[in-house]
Amino acid sequence: MEKKDLLKDVIKHIDIKSYNSTELIDAMRNMSFTSRDTARAADILMMMCKEKECTNILTLAGSTSAAGCMQVYVDMVRNNMIDCVVSTGASIIDMDLFEALGFKHYKGTPFIDDKHLRSNYIDRIYDTYIDEEELQNCDATIKVIAD
């Protein structure tokens, strides 16, 4: 496979405004493990949003932005659900700024020879690919800003 074949299916960010997930979250209340935890987390978030004296901090770790959640975070901030975002540098630079510069994340697979990806200048974040040359461009942009 060539680089163009590996970088063809763009990750699409979910639009949480396009549907009502209430029924799905409510159904999770009667399920087990993480499903029930997800419903409880939704309840806690709603309580936090209703409490005007509460400071809501969104803590991001890992690659959730690259995975398709970036617009969720934007919508949460725009709708005053979040007061502060705490994130790893990778989330802010290698995902958010990377896409703000017009670059994309692509669907991939974790079941590929990393040497093959490297020979094509492709970086892998589990099952997500990014173009190493575009990442270098992102890094150069950071240098310009920092200088």
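Residues numbered from 1 in each chain as written. Predicted model: local features only at pLDDT ≥ 70, side-chain atom pairs only at ≥ 80, totals over all residues. Heavy atoms only, no water.

(A) Inspection of helix α5 (residues 89–100) at higher detail. Within the sequence span of α5, burial applies to S91, M95, F98 and E99. End-on view of α5: buried residues confined to an arc of 120 degrees, all on one side of the axis. In this structure, the buried side of α5 is in contact with α4 (65–78), β2 (84–87), β4 (122–125), β5 (128–131) and α7 (132–146). Directly after α5, the chain includes G102, whose backbone phi takes a positive value near 100 degrees. (Buried < 20%, exposed > 50% of the residue type's maximum accessible area, 1.4 Å probe, protein only. Helix = DSSP H or I, 4+ residues; strand = E, 2+ residues; numbered from the N terminus. Arc of directions from axis to C-beta. Contact = heavy atoms within 4.5 Å.)

(B) Spotlight on the packing of α4 against α5. Running from amino to carboxyl end, α4 crosses α5 at an angle of 65 degrees, the nearest separation of the two axes being 10 Å. Considered as vectors, α4 and α5 are oriented roughly perpendicular to each other. In this structure, α4 crosses over α5, and the sense of that crossing is right-handed. Between α4 and α5, the residues in contact are S65, A66 and M70 and M95, D96 and E99, respectively. (Axes fitted to C-alpha atoms, helices over the stretch in contact; angles between N-to-C directions. Parallel < 35°, antiparallel > 145°, perpendicular 65-115°, else oblique. Left-handed = near helix turned anticlockwise from the far one by under 90°.)

(C) Region of interest: the pattern of salt bridges. In total, this model carries 10 salt bridges according to the counting rule given. Linking D15 and K17 is a salt bridge whose minimum nitrogen-to-oxygen distance equals 3.2 Å. Of the residues examined, D15 reaches a relative accessible area of 33% and is grouped as partly exposed. Since its relative accessible area comes to 56%, K17 is described here as exposed. The network of salt bridges with common partners includes K3, D131 and E133. (Salt bridge = Lys/Arg side-chain N within 4 Å of Asp/Glu carboxyl O.)

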